[in-house]
Amino acid sequence: MRYGQIRQYDVANGEGIRTSVFVTGCTHGCKNCFNKEYQDFSAGELWGDAQTELVVQYLSDPCVAGLSLLGGEPFQNTKDLLPVVRTIRRRVSKSIWIYSGYTFEELLQEEEKIELLSLCDVLVDGRFVEEKKDLTLKFRGSSNQRLIDVKQSLREGKPVLLE
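- The name that an unreviewed UniProt entry assigns to the protein chain is Anaerobic ribonucleoside-triphosphate reductase-activating protein, with the source organism given as Filifactor villosus.
- Turning to the protein chain, the UniProt record has this under Sequence similarities (unreviewed entry): "Belongs to the organic radical-activating enzymes family."
- The Function (unreviewed entry) field of the UniProt record for the protein chain holds the comment "Activation of anaerobic ribonucleoside-triphosphate reductase under anaerobic conditions by generation of an organic free radical, using S-adenosylmethionine and reduced flavodoxin as cosubstrates to produce 5'-deoxy-adenosine."

1. Quick word on the packing of helix 1 (residues 49–59) against helix 2 (residues 78–91)
Here is step 1: In the contact formed by helix 1 and helix 2, the axes pass within 10 Å of each other and the chain directions differ by 35°. Between helix 1 and helix 2 lies a crossing whose hand is right-handed. Residues T52, E53, V55, V56 and L59 of helix 1 form the contact with helix 2, whose participating residues are V84, T87, I88 and R91.
Here is step 2: The class makeup of the residues in the contact of helix 1 with helix 2 is 5 nonpolar, 2 polar and 2 charged.

2. Describing the nonpolar core
Here is step 1: Formed by 32 residues in total, the largest nonpolar core has its most connected members in V21, W47, V55, L67, L69, F75 and L123.
Here is step 2: Among the elements of the structure, strand 1 (2–10), strand 2 (18–23), helix 1, strand 4 (66–70), helix 2, strand 5 (95–99), helix 3 (104–107) and helix 4 (111–118) are those that each provide at least two residues to this core.
Here is step 3: Broken down by element, this core gets its largest block of residues, 5 residues, from helix 2.
Here is step 4: Aside from chain neighbours lying at most four places away, what touches V21 is Q5, I6, W47, V55, L67, S68, L69 and L70.
Here is step 5: F22, Y99, V122 and L147 belong to the second largest nonpolar core, which has 9 residues in total.

3. Details of the pattern of salt bridges
Here is step 1: Enumeration over the complete set of coordinates arrives at 9 salt bridges.
Here is step 2: With a closest N to O distance of 2.6 Å, R91 and E53 form a salt bridge. With R91 in helix 2 and E53 in helix 1, the pair connects residues that are 38 residues apart, well separated along the chain.
Here is step 3: A relative accessible area of 45% places R91 in the partly exposed class.
Here is step 4: Look at E53 and you get partly exposed, because its relative accessible area is 38%.
Here is step 5: Notably, a salt bridge pairs R146 with E105, separated by 2.8 Å at the nearest N-O pair. In this pair, R146 is assigned in strand 7 (residues 146–149) and E105 in helix 3, connecting sequence segments 41 residues apart.
Here is step 6: On the accessibility criterion, R146 (22% relative accessible area) is partly exposed.

Rules of the game
Residues numbered from 1 in each chain as written. Predicted model: local features only at pLDDT ≥ 70, side-chain atom pairs only at ≥ 80, totals over all residues. Heavy atoms only, no water. UniProt positions renumbered as here; feature names shortened; annotations may be inferred. Axes fitted to C-alpha atoms, helices over the stretch in contact; angles between N-to-C directions. Helix = DSSP H or I, 4+ residues; strand = E, 2+ residues; numbered from the N terminus. Left-handed = near helix turned anticlockwise from the far one by under 90°. Contact = heavy atoms within 4.5 Å. Nonpolar A, V, L, I, M, F, W, Y, C, P; charged D, E, K, R; others polar. Core = buried A, V, L, I, M, F, W, Y, C linked by side-chain atoms within 4.5 Å. Buried < 20%, exposed > 50% of the residue type's maximum accessible area, 1.4 Å probe, protein only. Salt bridge = Lys/Arg side-chain N within 4 Å of Asp/Glu carboxyl O.

Written as structure tokens, this is what we have:
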């Protein structure tokens, strides 16, 4: 897996101050994507144990509310992202938000994606749609995108929007 950046302190991609990881690689091709440079699977640096340790260190800061995973497309990096998120989940008790161009319903079609999803607390789902762009929305760029309570949604088998 490759990543474009790790932000120690990020206030734009989830509630509170968060540490954010931007993986690279995405085939969705959303018009006017805000991270077009991260669509390339060969962009950025290779992820290794040192990066996982750095993220765990950042998350140990009491000011940091949790981790946000963005891209690129995290769910097109599932195989490599799963062990990283498992390690973080074992070592840190903070919320994990994950952003995806896939909808909740699409993610439920593949076991590996369900496994990654189940390690997260909030899913921001749906492709960015330029015609539905809305700068007044919190934590998302277009009105078709949803903030989903992952745990409740998996229990109920349908998307439950975050309050």
